[in-house]
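# Architecture at a glance
Listed below are the residues making up each chain.
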Amino acid sequence: MRRFATERAKRLLVGSFRSSPPLFSAPLCSSASAAAAAMDSAASPVALDTINQKVLKCEYAVRGEIVTHAQRLQQELQSKPGSHPFEEILYCNIGNPQSLGQQPITFFREVLALCDHPPLLDKSETHALFSADAIARAWQILDAIPGGATGAYSHSQGIKGLRDAIADGIAARDGFPANPDDIFLTDGASPAVHMMMQLLIRSEKDGILCPIPQYPLYSASIALHGGSLVPYYLNECTGWGLEISELQKQLEDARSKGITVRSLVVINPGNPTGQVLAEENQKEIVEFCKNERLVLLADEVYQENIYVDDKKFNSFKKIARSMGYGDEDLPLVSFQSVSKGYYGECGKRGGYMEVTGFSAEVREQIYKVASVNLCSNISGQILASLVMNPPKVGDESYESFNAEKTGILSSLARRAKALEDAFNGLEEVTCNKAEGAMYLFPRLHLPKKAIEAAKAVEAAPDAFYARCLLDATGIVVVPGSGFGQVPGTWHVRCTILPHEDKIPDIISRLEAFHEAFMEEFRD
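Going by the annotation in an unreviewed UniProt entry, the name recorded for the protein chain is Alanine aminotransferase 2, with Musa balbisiana given as the source organism. Turning to the protein chain, the UniProt annotation filed under Cofactor (unreviewed entry) states: "pyridoxal 5'-phosphate". One UniProt comment on the protein chain, placed under Catalytic activity (unreviewed entry), says "L-alanine + 2-oxoglutarate = pyruvate + L-glutamate".

Okay, here's the thing in structure tokens:
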């Protein structure tokens, strides 16, 4: 395998991607192409120069050019088996657990099935096929849905009974009460983020403090809504630490340029960086937002994904309330999703935001925006309520539920450690520990020759590395340049999600490729 991958890598590196459609191509500058472009623009009322320019500025690297090329390779493998030195594409680019073999949680799916087809509840054989607590929960949920119809629109904030259940779950998690009227159920966390950007951004003079590296949803949504991303850099040398001095520096710099900074985005656990914030650090962040009159946007979708014994998840709402701060002290929006954690129900599109610290008048405007979309999907709403209120000790499903949950999280922790060790074993690669979330973000200390080769094909060096890795091994990672990074540094984001029995093969392919790459471009 090592020899085969090495030879393939060398052919690709010296061949400048001749064997397939180019991912990185120089712009066409001939007069003929310019004339053709002008004709196309004149012939169509919709062209690149006539669409909303904010759309052009928007980028989402997680499903960018590397992934498009991977999908093309996958089609070639299906139509021409043996056409590449690998038999399958290994998607390590996106947090999509069930697409890589993770099984859904049985209790959640039992409840969903019963809610979506209520006649099952009247059949005697159902009690032999479904657990008693799943049946009871389904009745409880159907009673909360007007008419028991999961195919009907709901209240625009979400079904009241499901918001009650979520509020109970938040209160149990944090030790502080939660109000169901503060909860807006959404199709995953992403629409909630967009909703808040719509609310806060008035023009390019409004800025959002955003971590670098960051999940590209934030840079994309800020661009789409016409605001300015104000970057603050996480400290890679301290395990991707969030430093208040850096926040203050970037805030003052933005204000000196006439930008009104509206909010601070914090992703905890981190994506793509995998760090888990310490409680004292969170208190500093809350104090900073309170003093600077910033809305705290807390992305907490990985709250169940903690892999180290010395760290635990604390919501920012819990931290703020433990400091004695209430609604009148801090506007805070917390995001949660059914797509991550141990559940990984990405395709069900469920999530919510808990909105606290906003006036009644502003809350009415948030509700108005939610109403434009009518409501989020009902299956996602049900799942969100189940995620925040899973089986408890004494319930019939608890033992099997807990075994499934523990098994998934333990396996993710083992995979994270194996891949972390593998990256740190590569020449000129360093990788911080994945304390949480679903990703590693190793730094590539690339040779000058590799950087020059990337420049020759008009590619970022980490995108060049990721493309070469894909063509030689079938492994799909995302270039760090798509997440933002300190200028002059290069990274890739790699998920820990491929099935555990595939991890040794991924490591073997990675090691063989990297050895060939470094040998080819050694200074």
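## Brief notes about the state of the cysteines
Counted by the stated rule, this structure contains zero disulfides. Distance from the sulfur of C346, which forms no disulfide, to the nearest cysteine sulfur (C92) is 15 Å. Exposure remark for C346: the relative accessible area of 12% places this residue in the buried category. For the unlinked cysteine C494, the closest cysteine sulfur is that of C92, found at 4.3 Å. Judged by relative accessible area, C494 falls into the buried class, the value being 3%.

## Some details on the environment of I507
With respect to the element layout, I507 can be found in helix α19 (residues 503-520). When the C-alpha atoms of I507 and A418 are compared, they prove to be 8.5 Å apart, with 89 residues separating the residues in sequence. Dropping the residues within four chain positions of it, I507 is found in contact with A418, L419 and A422.

## Re the sheet that holds strand β8 (residues 351-356)
Backbone hydrogen bonds hold the strands of a sheet together, and the pairing may be parallel or antiparallel. The strand order β2-β8-β7-β6-β5-β3-β4 describes an open sheet built from seven strands, whose pairing is mixed. The sheet is open, and its two edges are formed by β2 (183-186) and β4 (228-233), each paired on a single side. Going from strand to strand, the sheet's axes swing by 20 degrees on average, the running direction of each strand aside. Sheet topology note: the β2/β8 ladder contains four bridges and is antiparallel. Across the sheet, L185 pairs through a bridge with Y352, a residue of β8. Sitting on the sheet, helix α11 (residues 244-256) touches β3 (206-212), β4 and β5 (260-267), and the angle it makes with β4 is about 150 degrees. Seen against the sheet, helix α12 (residues 279-292) touches β3, β5 and β6 (295-299) and runs at an angle of roughly 165 degrees to β5.

## Some words on the sheet that holds strand β13 (residues 478-479)
Taken together, the three strands give an open sheet; going across it, the order is β10-β14-β13, and neighbouring strands pair in antiparallel fashion. Of all strands in the sheet, those bounded by a partner on one side alone are β10 (439-440) and β13. Both β10 and strand β14 (residues 492-495) contribute to a ladder of two bridges, which runs antiparallel. Each residue of the ladder has a partner; that of L440, found in β14, is C494.

## Thoughts on the packing of aromatic side chains
In this structure the tally under the stated criterion is 14 aromatic pairs. An angle of 85 degrees between the planes, with centres 5.7 Å apart, marks the rings of Y302 and Y439 as edge-to-face. Of this pair, Y302 sits in the loop between β6 and α13 (316-322) while Y439 sits in strand β10, and the two are 137 residues apart along the sequence. No difference in accessibility class separates Y302 from Y439, as the two residues are buried. Site record: aromatic cluster; members linked through ring pairs are F107, F108, Y342, Y343 and F401. Of note, R493 hangs over the ring of Y439, and the distance from its end group to the ring centre comes to 3.9 Å.

Thresholds, definitions, all that
- Residues numbered from 1 in each chain as written.
- Predicted model: local features only at pLDDT ≥ 70, side-chain atom pairs only at ≥ 80, totals over all residues.
- Heavy atoms only, no water.
- UniProt positions renumbered as here; feature names shortened; annotations may be inferred.
- Disulfide = S-S within 2.5 Å.
- Buried < 20%, exposed > 50% of the residue type's maximum accessible area, 1.4 Å probe, protein only.
- Helix = DSSP H or I, 4+ residues; strand = E, 2+ residues; numbered from the N terminus.
- Contact = heavy atoms within 4.5 Å.
- Pairing = 2+ DSSP bridges.
- Axes fitted to C-alpha atoms, helices over the stretch in contact; angles between N-to-C directions.
- Phe/Tyr/Trp six-rings, centres within 6.5 Å; stacked < 30°, edge-to-face > 60°.
- Lys NZ or Arg CZ within 6 Å of the ring centre and 35° of its normal.

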